[in-house]
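This is what each chain is made of:
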Amino acid sequence: MAQDEVAFGPFTHSAARGLVKDGKAVKLGSRSLAILAVLLERPGDVVGNRDIMARVWPGLFVEEANIRVHIGTLRKALGKNGIGTDYIENVPAQGYRFVGTVRSAADDADDRPPLSPSLAPPQSSPQPLPRNIDRLIGREQAIDDIARKVVEKSFVTVTGVGGIGKTSLAVEVARLSAGGYRDGAFFVDLSTLSEPALLCANIAQALKLPGIGKASMDGFLAAIKGLNALVVLDNCEHLIDDVALLVEGILTTAPDVHLLVTSREILRAQGEWVYRLPPLAAPSEQDRAPTAEQAMRYSAVELFVERVSSNDELFRLTDADAPVVAALCRHLDGVPLALELAAARVPLLGIHGLAASLDRVFDVLRGGRRTALQRHQTLRATLEWSHRLLDERERVVLHRLSGIRGSFTRDLAIGVAAFGAVSADEVVEGIAELAKKSLVSVEHREQTVQFRLLETTRQYAAERLRDSGETDTVCRNLALQLCRMLTDSQSTSTAAWNGVYGGRIDDLRSALEWSLSPSGDLPTAIALTIDSAPMWFQLSLTDEFRLRAEKVLNAIRQQSRPDLRSEMAITAHLGPALWNSQGPTREVRDILSRGLALSRQLGDVGYQRRALWGLWLYHLALEEDQDALGAADRFGTLLGDPVDPGAESMHQRMMTLGLLTVGEFDRARSFAEQCLRAPAPTRGSSLRGYQFEQRIVSLTHLARISWIQGQPEQARQAMEEAMEQALASGHVLSLCFALSLGACPVAFWLGDHDRAARYADMLVEKTSEGALFVWRTYGLCFQLALEARTASDGELASLRRSSRFAEVHRNRRIRMLATVAPRLIPPDILAEANAGPRNWATAELLRLKAEATPDREEADDLLRQSMDVALEQRATSWSLRTAVSMARRRIADGRPRDAAAVLLPVYQRFTDGHDTPDLRAAAALLDSIA
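Residues numbered from 1 in each chain as written. Predicted model: local features only at pLDDT ≥ 70, side-chain atom pairs only at ≥ 80, totals over all residues. Heavy atoms only, no water.

### Description of the overall build of the protein chain
- The helix and strand inventory of the protein chain stands at 43 helices and 15 strands.
- Buried residues in the protein chain amount to 55% of all 930 residues.
- At a minimum sequence separation of 6, the contacts of the protein chain that also span at least 24 residues come to 68%.
- Accessible surface, the protein chain: about 40,000 Å² in total, of which carbon and sulfur atoms supply 49%. (Helix = DSSP H or I, 4+ residues; strand = E, 2+ residues; numbered from the N terminus. Buried < 20%, exposed > 50% of the residue type's maximum accessible area, 1.4 Å probe, protein only. Contact = heavy atoms within 4.5 Å. Areas by Shrake-Rupley, 256 points an atom, 1.4 Å probe, with all protein chains shown as cover.)

What follows is the structure, given as structure tokens:
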């Protein structure tokens, strides 16, 4: 019985055994148990939060919320005490108190139920077990699972990549389990043993077995036959065959000996239960900007911060550093050894300097503890130990796989690594063996199996690949495989597409960089750029694509012989990318015009369509409405015979927005509805290389048209459906489109300003993540409109002088701004916006000009023009606004009957939406003259 063992209710507690109820261990994490131990030391006394933190989280700052979480876990496990209350009482603003009678466990030892072997009181071990100096982080569940499996299965192998923490875990399991065995627990380090013939003798010496003849397997097995013990065999990968044979002999001869083995490769022995130790949890790619509190929820970050703190007691993780630390932990794949080595370099390099140096990971991550095993003192040494254990074919496959940066399939691995003397079957077999040796991770994703090298392993293997002279061949193979994949890489679902192809972006980057290097070749760079263009747009990385495409285009133009076809293809994709990142500049027009001229010269209809689509975008952004509509019309003459369904759908979308922009709302609606009725393509993407998802775009246009035509509820429904699909798609460009041209303005017009604010903030946030210049100007427009709603005259004047207003004005967003924030538009800019041919907002702009015109006769004439345009366009909502303005003037003139005559017919055209601001204003006006 442990000297510190105490009892309360049906429970006993000690440092060695943890919490036991009726002879069975209660499953609790190490921190929860530590808090319970602190409270049991002072039963009935209030223990302050600071005292608990100092004992349970020594040297670390944690939030009190962490304590509350573990207290909640303890209360759930303990239940109620003898008086019907919780065992642990919260004392507000002070701390916690244990409530219950605590007695020495010796007082009722005779009444204690017999313990299972794994939970019996600890016996003295013939040889002290090693001890972990640093606390294990993020391994509580693993320790518990393995300890139970050792009892249940008798033979457990803990496997994983070097530095993952197998030894530390095994030590902790042995220490906690030793008391469950009559003869205790033994730890045998095999890392320094190089001669298999000495295996039995070394284990016998560690177990202090009496007698002689134990160097032979038969003698050793005879000596341990009656032993009841847990034996840990640590670091077995270099003696794998001999250890496997010996383990099977032990299990057959000594049934009361339980075995815990650590190895980078599984033994594949009879009776083996394998526990693959995963890396520590690190923030994902999607969680790029966590706060310090959020980052510390991940065990990889917690370990890194604690190890840094051990070298610098003043270190605290800040919100500013948290995203960098998160990225660093992710880059190091949550491997504890790598994290510890990285933490040791922080005093020299700082957090940001360390993160910037990880491309030289083996130069940086060294200088571990002097007492650590030699192979754990640098990351390179750890990997070299594993590398030496591979046969030559496995090494070659590993080196060649290092050319792939992300996860990979069997087919991709064959395409990259199967050449020369290595066949496709040998690549597959090599991957299987590398996975068994913990050098390749296996990931099961829905119906596919993916493989991956941890980044540190990949970098080490890449060094060996360079030494072999095969880097160029591997890079060329990868580039060709990517071209094949990307030719048909898009699906009708952006989310599905991301699951299959989204992880290829790092490979694409490295392949493009290689193809433009002195060792690469330009034809490969051209093919990659053209085939990958839809991928960059799918991932909304248009500015990065622009930079890479410009390099390739410059290289094409510098060749001695012109390559017009390649130039045509690059310009067709480069133009829209420039448009997204820079807006409708002269350079965009020149690139697109050049592409159109080349596609006509070469007779390529597909690239003619792409160039016309780009010019359509360009003219729309400059409010050159008729030119944009002309580009859409010309696109429609190039649909092919038979008609290409994807091109037809794109033409319908172009015509919808083109007609909407010039105010032909009925025709625009017809094209939008045609597009919605058309089935999504079954091959290729609904983006079809044209940036936006088909249904999202059509619903966005339909929302805007419906509101203008006096159908508020239909507008609301289309807006909500467009946003739902845009958010679900994960496609940033489609989301920006839906927010800019549909959701934000419709929310304003419906009077749903809370929703408008959420959407505007979302738009600004999304456009700040990348170079999405065109869509950012819409975000500024809507944020200005929100501020103008409640602004004073002085604040309005200040907003008009702001750089944001100047940018909105310069980039032709005044039409939109005028319809959602009319108070913000000064008369001179309003007159400018109203110049030129009729457009979708002409009726409203004329009305606003009338409201700002002091001359009564001129104002009445402008209102008549506004009403005529609205009626001709069948823009019922603009008609209502104009009718309200007219009615107010007639009421002011003492002509209420005339006011009702102009307003009532328009008001009666509405069948829904009577809770929207315009209809409420009209109803109030009609009530006032009834």
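### Some thoughts on the environment of Ile-71
- With respect to the secondary-structure elements, Ile-71 resides in helix α3 (residues 64-78).
- Each C-alpha atom of the pair Ile-71 and Ile-35 lies 7.9 Å from the other, and the pair is 36 residues apart in sequence.

### Points about the side chain of His-387
- Among the structural elements, His-387 can be located in helix α14 (residues 379-388).
- Its relative accessible area of 12% is what places His-387 among the buried residues.
- Not counting residues up to four positions away in its chain, the partners in contact with His-387 are Arg-395, Leu-398, His-399, Tyr-460 and Arg-464.

### Overview of the sheet that holds strand β1 (residues 6-8)
- Across the sheet, which stays open at both edges, the five strands sit in the order β4-β3-β2-β1-β8 with antiparallel pairing between neighbours. Sheet topology places β4 (24-25) and β8 (103-104) at the edges, where each strand pairs with a single neighbour.
- One ladder, built from two bridges, connects strand β3 (residues 18-21) with β4; its direction is antiparallel. Bridging from a neighbouring strand, Val-20 pairs with Ala-25 of β4.
- Of the strands in this sheet, β1, β2 (11-14) and β3 touch helix α1 (residues 30-41), which is tilted by about 95° from β2. (Pairing = 2+ DSSP bridges. Axes fitted to C-alpha atoms, helices over the stretch in contact; angles between N-to-C directions.)

### What about the pattern of salt bridges?
- In this structure the tally under the stated criterion is 60 salt bridges.
- The salt bridge involving Arg-464 is made with Asp-467; its shortest N-O contact spans 2.8 Å. In this pair, Arg-464 and Asp-467 both sit in helix α18 (residues 455-468), three residues apart, roughly one turn of the helix.
- With a closest N to O distance of 3.8 Å, Arg-864 and Asp-861 form a salt bridge. You can see Arg-864 and its partner Asp-861 sitting in helix α40 (residues 856-873), three residues apart, about one turn around the helix.
- Judged by its relative accessible area of 47%, Arg-864 is partly exposed.
- When salt bridges that share partners are traced, they join Glu-265, Arg-268, Glu-394, Glu-433, Lys-436 and Lys-437 into one network. (Salt bridge = Lys/Arg side-chain N within 4 Å of Asp/Glu carboxyl O.)

### Considering the confidence of the model for the protein chain
- The share of residues in the protein chain with pLDDT of 70 or more is 89%, and the mean pLDDT across the chain is 86.
- Counted against residues more than four places away or in other chains, residues 109-126, with its pLDDT under 50, gives 38 contacts.
- Here residues 368-377 is a poorly scored stretch, pLDDT under 50, and it has 24 contacts once near neighbours within four places are set aside; other chains count. (pLDDT = per-residue confidence, 0-100.)

### Observations concerning helix α31 (residues 712-729)
- Look at α31: 26 Å from first C-alpha to last across 18 residues, which is about the 26 Å you get at 1.5 Å a residue.
- Within the sequence span of α31, burial applies to Pro-712, Ala-715, Arg-716, Ala-718, Met-719, Ala-722, Met-723, Ala-726 and Ser-729.
- One or two positions beyond α31, positive phi appears at Gly-730, with a value near 70°. (Expected span 1.5 Å × (residues − 1).)

### A word on helix α26 (residues 605-621)
- Here α26 spans 25 Å end to end across 17 residues, near enough to the 24 Å set by a 1.5 Å rise per residue.
- Most of α26 sits inside the fold, with 15 of its 17 residues counted as buried.
- Taking the backbone nitrogen of Gly-606 as reference, a side-chain oxygen 3.2 Å away marks Asp-604 as the first, capping residue of α26.
- Once α26 finishes, Glu-623 follows within two positions and takes phi at roughly 60°, a positive value. (Polar contact = N/O pair within 3.5 Å; in protein donor to acceptor, adjacent residues only side chain to side chain.)

### Regarding the nonpolar core
- Counting 185 residues, the largest nonpolar core has Leu-401, Trp-616, Trp-775, Leu-817 and Leu-903 as its most contacted members.
- Residue contacts for Leu-817: discarding those within four places in its chain leaves Cys-781, Ala-785, Phe-805, Val-808, Pro-822, Leu-824 and Ile-825.
- The next biggest cluster of nonpolar side chains, apart from the first, holds 55 residues, and it includes Val-161, Ile-164, Val-171 and Leu-332. (Core = buried A, V, L, I, M, F, W, Y, C linked by side-chain atoms within 4.5 Å.)

### Let's talk about the sheet that holds strand β5 (residues 46-48)
- Overall, antiparallel pairing links the three strands, which are arranged β5-β7-β6 in an open sheet. Only two strands of the sheet have a single neighbouring strand rather than two, namely β5 and β6 (88-91). Here the strands of the sheet are splayed against their neighbours by 30° on average, with no regard to which way each runs.
- Where β5 and strand β7 (residues 95-98) come together, three bridges link them in antiparallel fashion. Paired with Val-46 across the two strands is Arg-97, which belongs to β7.

### Description of the side chain of Ser-649
- Here Ser-649 lies in helix α28 (residues 645-662).
- A polar atom in the side chain of Ser-649 sits 2.7 Å from the side chain of Gln-694.
- In this structure, Ser-649 is in contact with Cys-675 and Gln-694, ignoring residues within four places of it in sequence.

### A few points about the environment of Ala-295
- The topology assignment puts Ala-295 in helix α9 (residues 292-295).
- For Ala-295, a relative accessible area of 0% gives the class buried.
- In this structure, the C-alpha to C-alpha distance between Ala-295 and Leu-317, residues 22 residues apart in sequence, is 9.1 Å.
- Leave out the neighbours within four places in its chain, and Ala-295 touches Pro-290, Val-301, Leu-317 and Ala-322.

### Observations regarding the packing of aromatic side chains
- What the rule picks out here adds up to 18 aromatic pairs.
- Here Phe-8 and Phe-11 contribute two aromatic rings whose centre-to-centre distance is 5.3 Å and whose plane-to-plane angle is 25°, an arrangement assigned as stacked.
- Residue classification places Phe-8 among the buried residues on the basis of a relative accessible area of 0%.
- Exposure remark for Phe-11: the relative accessible area of 1% places this residue in the buried category.
- With a centroid separation of 5.6 Å and 25° between ring planes, the pair formed by Tyr-87 and Phe-98 is classed as stacked. Here the residue Tyr-87 occupies a position in the loop between α3 and β6, and Phe-98 occupies one in strand β7, the gap between them amounting to eleven residues.
- Look at Tyr-87 and you get buried, because its relative accessible area is 6%.
- Phe-98 gets classed as buried once you look at its relative accessible area, which sits at 1%.
- Through a chain of ring-to-ring contacts, three or more aromatic side chains come together here, namely Trp-579, Phe-737, Phe-748, Trp-775, Tyr-778 and Phe-782.
- It is Arg-400 that lies over the ring of Phe-419; its NZ or CZ is 3.6 Å from the centre.
- Its guanidinium or amino end placed over the ring of Tyr-460, Arg-464 lies 5.0 Å from that ring's centre, counting from NZ or CZ. (Phe/Tyr/Trp six-rings, centres within 6.5 Å; stacked < 30°, edge-to-face > 60°. Lys NZ or Arg CZ within 6 Å of the ring centre and 35° of its normal.)

### With respect to the packing of α26 against helix α27 (residues 625-636)
- Here α26 crosses α27 at 165°, and the two axes come no closer than 8 Å. Taken together, the axis directions place α26 and α27 in an arrangement best described as roughly antiparallel. Where α26 crosses over α27, the handedness of that crossing is left-handed. For the pair α26 and α27, the contacting residues are Arg-609, Leu-612, Trp-613, Trp-616, His-619 and Leu-620 in the first and Asp-627, Ala-628, Ala-631, Ala-632, Arg-634 and Phe-635 in the second. (Parallel < 35°, antiparallel > 145°, perpendicular 65-115°, else oblique. Left-handed = near helix turned anticlockwise from the far one by under 90°.)

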